[in-house]
Amino acid sequence: MSVELTVGTRVLLRRVRAEDEGRFLELVEASSELHRPWVALPRSAAEFAAYLARFDQVGAVGMVVCLREGGDMAGMVNINEIVRGSYQRGVLGYAAFLPHAGRGYMSEGVALAVRYAFDRLGLHRVEADIQPGNAASVRLVERLGFRREGFSPAYIKIDGMWRDHERWALTNEV
Ligand SMILES: CC(C)(COP(=O)(O)OP(=O)(O)OC[C@H]1O[C@@H](n2cnc3c(N)ncnc32)[C@H](O)[C@@H]1OP(=O)(O)O)[C@@H](O)C(=O)NCCC(=O)NCCS
């Protein structure tokens with residue numbers, strides 16, 4: 001049975017799974033300078049297990065962006081905080097892994113995740129909360145057509161500090 005959720009030109013998306021633990025933790029460790037202070041990802045086996053447990057496929061879907069050539073994880077992208085009813089929305093979380101950052105893989109992977117959210121999960125809206133100064137992340141969502149909708153001071157606690165975030169979103173207009 002195929003484990004792929006969706007396939008692009010150079011990357012594919014699949015669900016993150018228990019067998020990813022070793023390589024995932026290695027890549028997070030190698031990418032710590034890139035990630036801080038923008039995201040906090042699991043750094044131990046216990047944190048990885050708690051991370052996996054969040055993805056019940058109803059409220060949240062956890063995925064990795066894998067290279068079609070070789071299969072290594074170029075990054076991760078999650079659709080979190082899925083709300084149904086009148087909202088039909090999810091909140092994206094994503095990060096590249098070194099040494100694969102800066103080669104267009106994440107732009108393609110996040111675009112696939114957005115299509116997955118709209119076409120397969122039937123969501124109407126995806127959001128991304130981005131700290132002021134995170135230029136690479138803003139460029140990524142701008143490339144995908146997101147608009148900046150607002151600003152929330154002290155919005156998300158990352159690495160022990162409440163951090164301001166810009167609120168970016170894209171709605172499915174079809
Ligand atoms: C934000 C983040 C995920 C972007 O990842 P990335 O790997 O740099 O993304 P991409 O490679 O898709 O895009 C980066 C650049 O590579 C360029 N690029 C290089 N080679 C490319 C290729 N062959 N094809 C397409 N684009 C290519 C892109 O055009 C883009 O240009 P830019 O510098 O003008 O933005 C990454 O910087 C990261 O992990 N940051 C820390 C975590 C984080 O901030 N997460 C988001 C929290 S809101």
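Residues numbered from 1 in each chain as written. Predicted model: local features only at pLDDT ≥ 70, side-chain atom pairs only at ≥ 80, totals over all residues. Heavy atoms only, no water.

In the nomenclature of an unreviewed UniProt entry, the protein chain is known as GNAT family protein of Actinomadura napierensis. The UniProt entry for the protein chain carries this comment under Sequence similarities (unreviewed entry): "Belongs to the acetyltransferase family. RimJ subfamily." (UniProt positions renumbered as here; feature names shortened; annotations may be inferred.)

Another point: the overall build of the protein chain. What the protein chain contains, in helices and strands, is five helices and eight strands. The N-to-C order of helical and strand elements in the protein chain reads β-β-α-α-α-β-β-β-α-β-α-β-β. For the protein chain, whose C-alpha radius of gyration is 15 Å, the value lies close to the compact-globule estimate of 16 Å for 174 residues. Projected onto its principal axes, the C-alpha positions of the protein chain cover 40 × 35 × 30 Å. Burial status across the protein chain gives 49% buried among its 174 residues. Considering only intrachain contacts with a sequence separation of at least 6, the fraction spanning at least 24 residues in the protein chain is 60%. Carbon and sulfur atoms form 52% of the exposed surface of the protein chain, whose accessible area is close to 8,900 Å². (Helix = DSSP H or I, 4+ residues; strand = E, 2+ residues; numbered from the N terminus. Rg over C-alpha atoms; globule rule 2.2 N^0.38 Å. Buried < 20%, exposed > 50% of the residue type's maximum accessible area, 1.4 Å probe, protein only. Contact = heavy atoms within 4.5 Å. Areas by Shrake-Rupley, 256 points an atom, 1.4 Å probe, with all protein chains shown as cover.)

Turning our attention to the packing of aromatic side chains. Given two aromatic rings, their pairing is described by the distance between the two centres and the angle made by the two planes. Counted by the stated rule, this structure contains five aromatic pairs. Between Phe24 and Tyr51, the ring centres sit 5.5 Å apart and the planes meet at 45°, which makes this aromatic pair tilted. Of this pair, Phe24 sits in helix H1 (residues 21-30) while Tyr51 sits in helix H3 (residues 45-53); the two residues are 27 residues apart in sequence, bridging distant segments of the chain. For the pair shown, Phe24 and Tyr51 are each scored as buried. The interplanar angle of 85° and the centroid separation of 5.4 Å between the aromatic rings of Phe24 and Phe97 together place this pair among those described as edge-to-face. Of this pair, Phe24 sits in helix H1 while Phe97 is found in the loop between strand E5 (89-96) and helix H4 (105-120), placing the two residues 73 residues apart along the sequence. Comparing Phe24 with Phe97, the two get one shared label, buried. Members of the aromatic cluster, joined through ring pairs, are Phe24, Phe48, Tyr51, Phe55 and Phe97. (Phe/Tyr/Trp six-rings, centres within 6.5 Å; stacked < 30°, edge-to-face > 60°.)

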